[in-house]
Amino acid sequence: MKHYNIILISLLLLSTSCSFRKSTRVQDTIDTIQISPEENIKKVLKDNNRVIIRDNWGVPHIYGHTDGDAAFSLAYANAQDDFFNIQEAVLKARGKYSSIYGAGPNKINAIFDYMVGLLKIWEIVEEKYDNELSNETILLCESYADGLNSYIEENDKHIKQYIYPVSGKDIIAATMHKTPTFYQLPFFFSDLYTKNPEDIPSHYTIGDTIEILKSLDVKGSNVYAVSPTLSQSNETFLAINSHQPFDGELAWYEAHVHSNEGWNMIGGLFPGSPVILVGHNENLGWGHTVNKPDIVDIYELEINPNNNNQYLFDGEWLDFESFEIDIGIKVLGKALINHKEEAFWSIHGPVIRGELATYAIKYSKSDDIKIIEQWYKMNKASTFDEWIDAMEMMSIPMFNAGYADKTGNIYYVYNASLPIRNENYDWKKVLPGNTSETLWSEYLEFNSLPMIKNPDSGYIQNCNSSPFLTSTTNNPDINDYSSTFGIETYMTNRALRANETFGNDYSISYEEFKKYKFDKKYSKESTMYSYVQKGLNLLNNPDLFPSININTLNKSIAAFQNWDFNTNASNLNATLPILSFSTILDTDPIKITNEILIKNITEAINHLEKYYNRIDVKWGEINRLIRGEANLELSGGPDVARAIYAIPQDNQGQFKSIAGDCYILLAKWDKNGKVYSESIHQYGSATQNSKSKHYADQTKFFSNEKFKKTSIYTDDVIKNATSILILK
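In short, a report on the structure. Just so it is clear, the structure is predicted and the values come from calculations on it, not from any experiment.

**A closer look at empty space enclosed by the protein**
Evaluation of the coordinates by the stated rule reveals three cavities of 30 Å³ or more. Estimated volume of the largest cavity: approximately 280 Å³. Around the largest cavity, the lining comprises 25 residues; the ones closest to its centre are F182, F270, L277, W375 and F399. Elements represented by at least two residues in the lining of the largest cavity include exactly α2 (67–94), α7 (168–178), β12 (284–289) and α10 (371–380).

Right under this line is the structure:
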């Protein structure tokens, strides 16, 4: 393997000088000198192309002479903290997961490897990588891959690695592989093998996905922006609060990236991403929330009874495109079985031959490889117009975006690649695949999407809810949009509460801005409120709860009656209703039967009685942040602004938080356009290194809803530096 020289400078910061040790690992030489921190660190940055500065929280501040140098160093830093999940992402995107881990339970690993081939991810990447990506994006991805390779080379004796060498194409493929998770494509694939067309849902709820949530799915997100017209200090505020799983390939990693080519961005990214996905630079920032546009269509195909390799389309029997997918499956030791599985495509796209029907799938921007390129352009934008130019690429097929900048602009857009469809069909259902009337090829243009810029109200919010109620004024008109787009019309509790807090305060201080971000209440308009009222009515009929004694039943009624709909950790009445209804909060109460409610309430009562022998358990005793030695109480809960999604611990009464509020970044631009920011991570910067002091050092701050200061300004970075790594 090729080796890179690495110089590690450990800083012992003193008031006027610093003693540091400079070591070259390959030559294993050491010398010690005295330096003045600011002068000498600036010289280090000037004299070296690739530098990683770690602050006192272990967060990497990446410095590169070029964007490529910065991408190289970002990859190295991320690999130091979380090589495992970067490798997982690359293995899965290559379709090689079962070659390392075997077929898996119910052959799930082999199935996901098959899906990579079925979706033609690598065929698309090979065809378009050199032809459609800009030279700058290719250089970025290749440099990032080189950084991963450098880390592997330097640590090959200490890590288990299966991906060397990594290429820029791997980085693009990994992004293409991850993105469909957000519009639930893996869930559809699972159902198509076993269900009838009428049983395929249009989307999946918390209750449907809680098991997959442990490692894959995402539940909710918040973004808020306040303009100078509404803030007390005439400043601009932005809260970036995208909810993700706490662990895994879709968990946030914080980094600051700076190059001499105009890239200076801090924020969150997923393991293996060469750019910041949400965050801010000197001039502007944005956050994303998951939206649910209808961008996935399922077709039932009519198969020729005399030839099962043909399907009917516009009165003609067309041949499936057929090809074989090679899947290497580990069996014993290093032995592999090379399995070949036949795959099919129709004119619509990939085909699933299920047990009860044959389906085809079509989804927006399935062959677009420019997602990273769009985020890269957004990272480097310095004005609103430049940022909009990047957004107009529409390579990112979904995600709401909330934006703010140093000139006081605030903006929201329902970003989605919305197919223009025939109005005569119900696009929420499985569609007939035998007609060109259901085959689409065009999208609604960006400028026609629902959006708001600088509303009179002075704020925007999106909390996975309707774009038509983004603020209290100047909202898009629902009548301008076809129902075939599937644009949300419902309001989550988080969105309701945002409009009840931001919308009723006409002079918002920065402290109030933070308070509203951590709002812990359920609105009287929320589904939780409806479920509690229904639950009370049911609890008042003891015959419906024959296994619950009357004393416990009365205490349960009291908990429901006395709850103030707050989810603070000390709340004695929140626990029972939250445990009863947490998995059905995103389901219309009309669709939930009394039998389901009775079952949920009974299970919640039994849980509290079994583990605590009482009903009035403080919510924070159950709602926990668990990480290494840390086991801390949390306020918040499902679908409140302080969003926490948790699962029960085996044979324990506590619930471990696994998703929701995690990495939060707040940015504030003052009257002079200077940006100040603070952030918090649910764990710490060492997301996979349990031996690091940064494995769980942010947990107490996170539990107490406090932030740590951060900055994109080099002088601030130097003042807080605790180590420097120079990559050669």
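That was the structure; now back to the text.
**Digging into the packing of α2 against helix α6 (residues 135–155)**
Where α2 meets α6, the axes come as close as 7 Å, and the angle between the chain directions of the two elements is 50 degrees. The orientation of α2 with respect to α6, classified from their angle, is oblique. As α2 packs across α6, the resulting crossing turns out to be right-handed. Counted together, D67, G68, A71, F72, L74, A75, Y76, N78, A79, Q80, F83 and I86 of α2 and L140, S143, Y144, D146, G147, L148, S150, Y151, I152, E154 and N155 of α6 form the full contact between these two elements. Here the contact of α2 with α6 is built from residues that sort into 13 nonpolar, seven polar and three charged.

**Regarding the sheet that holds strand β23 (residues 431–432)**
Spatial ordering of the open sheet is given by β19-β20-β13-β23, a layout of four strands whose pairing is mixed. In this open sheet, the two edge strands, each paired with only one partner strand, are β19 (351–353) and β23. Sheet analysis places strand β13 (residues 296–300) next to strand β20 (residues 358–363), joined by five bridges and oriented antiparallel. For E300, the partnering residue across the bridge sits in β20 and is Y359.

**A look at the nonpolar core**
In this structure, L118, I172, I361, W375, W387, F502 and F513 are the most contacted members of the largest nonpolar core, which totals 156 residues. For this core, the element with the most residues is α2, which contributes 13 residues. Here W387 is in contact with L284, W286, M378, A381, A401, Y403 and Y411, once residues within four sequence places are set aside. Counting 36 residues, the second-largest nonpolar core is a separate cluster that includes M528, A559, F560 and I601.

**Here's the deal with the packing of aromatic side chains**
In total, this model carries 33 aromatic pairs according to the counting rule given. Their ring planes at 25 degrees and their centres at 6.4 Å tell us that Y510 and F513 sit as a pair that is stacked. You can see Y510 and its partner F513 sitting in helix α13 (residues 510–517), three residues apart, about one turn around the helix. With respect to class, Y510 is no different from F513; both count as buried. Through pairs of rings, three or more aromatic residues link up here, namely Y224, F237, Y459, F502, Y510, F513 and Y516. Note that K120 overlies the ring of W345, its terminal NZ or CZ placed 4.0 Å from the centroid. Above the ring of Y443, the side-chain terminus of K365 is found at 5.3 Å from the ring centroid.

Conventions and cut-offs
- Residues numbered from 1 in each chain as written.
- Predicted model: local features only at pLDDT ≥ 70, side-chain atom pairs only at ≥ 80, totals over all residues.
- Heavy atoms only, no water.
- 1 Å grid on protein atoms, 1.4 Å probe; cavity = no way out; pocket = protein on both sides within 12 Å on 5 of 7 lines; lining within 4 Å.
- Points joined across faces, edges and corners; volume = space filled by probe spheres on them.
- Helix = DSSP H or I, 4+ residues; strand = E, 2+ residues; numbered from the N terminus.
- Axes fitted to C-alpha atoms, helices over the stretch in contact; angles between N-to-C directions.
- Parallel < 35°, antiparallel > 145°, perpendicular 65-115°, else oblique.
- Left-handed = near helix turned anticlockwise from the far one by under 90°.
- Contact = heavy atoms within 4.5 Å.
- Nonpolar A, V, L, I, M, F, W, Y, C, P; charged D, E, K, R; others polar.
- Pairing = 2+ DSSP bridges.
- Core = buried A, V, L, I, M, F, W, Y, C linked by side-chain atoms within 4.5 Å.
- Buried < 20%, exposed > 50% of the residue type's maximum accessible area, 1.4 Å probe, protein only.
- Phe/Tyr/Trp six-rings, centres within 6.5 Å; stacked < 30°, edge-to-face > 60°.
- Lys NZ or Arg CZ within 6 Å of the ring centre and 35° of its normal.

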